[in-house]
Amino acid sequence: MQKINTRVLVSGAEFFDDGFAINSHMDDKNPVDLEKAIAEHAEIISLYKQAGIEVIKIDAPAGCQDGVYTANWGLVRGNVAVLSNLPNKRQAEEDYAEKALKALGLRTTRLPEGVRFSGQGDALPCGKYLFVGTGYRTSLDAHQTLEEELGLQVIGLQAIPQLDANQNPVINPVTGWPDSFFYDLDLALAVISPNLIAWCPEAFLPDSQAKIRAISDLEKIEVSLDEAKNGFACNLVSTGESVIMSSHAPSLKNSLESRGLNVYTPEVTELLKGGGFIRCISLTIDN
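Predicted model only: the values in this text are computed from it and were never measured. (Residues numbered from 1 in each chain as written. Predicted model: local features only at pLDDT ≥ 70, side-chain atom pairs only at ≥ 80, totals over all residues. Heavy atoms only, no water.)

Visitor: What is the right way to look at the overall build of the protein chain in this model?
Guide: Of the regular secondary structure elements, the protein chain holds 6 helices and 15 strands. Against the compact-globule benchmark of 19 Å for 287 residues, the protein chain has a radius of gyration of 17 Å, which places it among compact chains. Each principal axis of the C-alpha atoms in the protein chain carries an extent, and together these give about 45 × 40 × 40 Å. Scored against the burial criterion, the 287 residues of the protein chain give a buried share of 56%. Of the accessible surface of the protein chain, which amounts to about 11700 Å², a share of 47% is contributed by carbon and sulfur atoms. Positive and negative side-chain charges of the protein chain, numbering 24 and 38 respectively, have mean locations separated by a distance of 4 Å. (Helix = DSSP H or I, 4+ residues; strand = E, 2+ residues; numbered from the N terminus. Rg over C-alpha atoms; globule rule 2.2 N^0.38 Å. Buried < 20%, exposed > 50% of the residue type's maximum accessible area, 1.4 Å probe, protein only. Areas by Shrake-Rupley, 256 points an atom, 1.4 Å probe, with all protein chains shown as cover. Lys, Arg positive; Asp, Glu negative; His and termini not counted. Charge placed at Lys NZ, Arg CZ, Asp CG, Glu CD.)

Visitor: How should the sheet that holds strand E10 (residues 196-199) be read in this particular structure?
Guide: Strand pairing in a sheet relies on backbone hydrogen bonds, with the paired strands running either antiparallel or parallel. With mixed pairing, the 3 strands of this open sheet are ordered in space as E9-E10-E11. Looking at which strands have only one partner, the edges of the open sheet turn out to be strand E9 (189-193) and strand E11 (219-222). With direction set aside, neighbouring strand axes in the sheet form an average angle of 25°. Pairing geometry for E10 and E11, over 4 bridges, is parallel. (Pairing = 2+ DSSP bridges. Axes fitted to C-alpha atoms, helices over the stretch in contact; angles between N-to-C directions.)

Visitor: Looking at this structure, I do not really get the sheet that holds strand E3 (residues 74-77). What am I missing?
Guide: Taken in spatial order, the 3 strands make up an open sheet running E3-E4-E5, and their pairing is mixed. The two strands at the open ends of the sheet, each matched to only one other strand, are E3 and strand E5 (107-109). On average, each strand axis in the sheet is tilted by 20° relative to the strand beside it, whichever way the strands run. One ladder, built from 3 bridges, connects strand E4 (residues 80-83) with E5; its direction is parallel. Among the inter-strand pairings, Ala 81 is bridged to a residue of E5, identified as Thr 108. The sheet contacts of helix H3 (residues 142-150) involve E3, E4 and E5, and relative to E4 the element is tilted by about 170°. (Contact = heavy atoms within 4.5 Å.)

Visitor: Would you mind showing me how to read unusual backbone geometry here?
Guide: Negative phi values dominate among residues other than glycine, just as trans dominates among peptide bonds. The phi dihedral of Asn 5 is positive, around 50°, even though this residue is not glycine. Here Asn 5 shows up in the segment before strand E1 (7-10). Accessibility expressed as a relative area gives 8% for Asn 5, which makes it buried. Even without being a glycine, Gln 167 presents a positive backbone phi close to 65°.

Visitor: Hey, could you run me through the packing of aromatic side chains in this one?
Guide: Counting across every chain of the model gives 7 aromatic pairs. For the ring pair Trp 199 and Phe 204, a centre distance of 6.1 Å and an interplane angle of 45° mean the geometry is tilted. Neither Trp 199 nor Phe 204 differs from the other in exposure class; each is buried. Pairing Phe 232 with Phe 277 gives two aromatic rings, centres 5.1 Å apart and planes at 35°, and the pair type is tilted. Linking Phe 232 in the loop between helix H5 (225-229) and strand E12 (237-238) with Phe 277 in the loop between strand E14 (262-264) and strand E15 (283-284), this pair joins segments that are 45 residues apart in sequence. An aromatic cluster of three or more residues is present, and its members are Phe 181, Phe 182, Phe 232 and Phe 277. Cation over ring: Arg 116 sits above Trp 177, and NZ or CZ is 5.0 Å from the ring centre. (Phe/Tyr/Trp six-rings, centres within 6.5 Å; stacked < 30°, edge-to-face > 60°. Lys NZ or Arg CZ within 6 Å of the ring centre and 35° of its normal.)

Visitor: I tried to follow the pairing of E10 on my own but got confused; where do I start?
Guide: On any regular strand, side chains alternate: one points to one face of the sheet, the next to the other face. Burial of the side chains of E10 extends over both faces: Leu 196 and Ala 198 are buried on one face and Ile 197 and Trp 199 on the other. As defined by bridge partners, E9 adjoins E10 across 4 bridges and the pair is classed as antiparallel. Each bridged residue has a counterpart across the sheet, and for Val 191 the counterpart in E10 is Ile 197. Count of turn residues in the E9/E10 antiparallel hairpin: 2 residues. Viewed along the sheet, the connection from E10 through helix H4 (residues 206-213) into E11 turns out right-handed. (Right-handed = clockwise from strand over helix to strand, strands pointing away.)

Visitor: What exactly am I supposed to notice about the pattern of salt bridges here?
Guide: It is possible for side chains bearing opposite charge to pair when their charged atoms get close. Counted by the stated rule, this structure contains 12 salt bridges. Across the pair Lys 102 and Glu 98 runs a salt bridge, and its minimum N-O distance is 3.5 Å. With Lys 102 and Glu 98 both in helix H2 (residues 92-103) and 4 residues apart, this pair spans about one turn of that helix. You can call Glu 98 buried: its relative accessible area is 16%. The partner of Arg 213 in a salt bridge is Glu 222, and the shortest N-O contact between them spans 2.9 Å. Ionic contacts of the salt-bridge type, sharing partners, join the residues Asp 95, Glu 98, Lys 102 and Arg 110 into one network. (Salt bridge = Lys/Arg side-chain N within 4 Å of Asp/Glu carboxyl O.)

Visitor: So what exactly am I meant to see when it comes to the nonpolar core here?
Guide: Taken as a class, soluble globular proteins show a tendency for nonpolar side chains to be buried jointly. Counting 65 residues, the largest nonpolar core has Tyr 48, Phe 131, Leu 189, Ile 197, Phe 204, Leu 252 and Leu 256 as the members making the most contacts within it. It is helix H1 (residues 34-50) that provides the largest number of residues to this core, a total of 5 residues. Filtering out sequence-adjacent residues up to four positions away, Ile 197 remains in contact with Cys 126, Phe 131, Leu 189, Ala 190, Val 191, Ile 192, Ile 212, Leu 218, Glu 219, Lys 220 and Ile 221. (Core = buried A, V, L, I, M, F, W, Y, C linked by side-chain atoms within 4.5 Å.)

Below, the structure written as C-alpha cells:
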C-alpha cells in the first residue's frame, strides 16, 4: 500500500486560545486549559512518530491563537505550496507560513486577495483527486488555480450550512463569512489511502453526496453524523498503514482495524475548543 502523510510540518501550541470565535465550535463558556492543550499536542506528535511520520517542528507564530493549526497554512504537492488566504483574525499567520514553507525549499504561490482558501484543512489530496471545500473557508474561484498548480483533478464539495432558528444560513459574526459545523472539509471527509476515504454523507449537500458516490475507483467508508459531529471522526491523519484518530468514533475505528490498519486514539479535549483536532495540527510536506 502506498504510504501518505510521511512528512509533516507542525508548530507549537504555546499561544493557543479560543478568544476570537471564528468558527461554530468556539464559545466563551469553556476556556482553554493551555497546559492540557500543550500536553495533547505533544501526545499527538508522539503518535505521529510512532506511526512512522517524520515531524518537522517549528516555533509557533507569536500571539496567534490558531497558529497551532498548520494544516490551514497552505497545500503542498511536490515542491509547490499554494498558500492560504485565512479569516481576518488569522491573517498574521500568512507571512509566517510563507517563510516557513520557503525555508523547506518549496516554491510558494498566492491566490488573489479576497479569494478564500483554507489550505489542507479544506483541500484533501487522494491519489489523482483533490477534494476541495466550497462556500465557507474556500472560494469557488480557488479551484481552478489549485488544479493548475498541483496537477490534480479537483472535486468541489459543499458541506451543510449552519442554520439559525429561522432556518437561515448563519454568518459568523467575527469573520463575516458563512458558517457550517463542517466549515473545513477535513471535518467531514478523511483520506485513508490513495484508494480509500472515510466520509459522512449527512455532512454534505445532496449534489456533493452524489459527486462522491459517483467516484467508482475509490473505496468509501461511511461515517455516521454522530461520530463526525460529536466524535470528530474524520479529522484524522493516516499513513495508509496507521491512523491517528478520535477516541470517540468506535464504528470508524472498527472499520479501519478490520482493513488491517493500526489505529491510535489519543484523548483530545482542549485543542478542539478552537475548532481543530488531530488532522488540523499538521501540514503534509510529502515530496
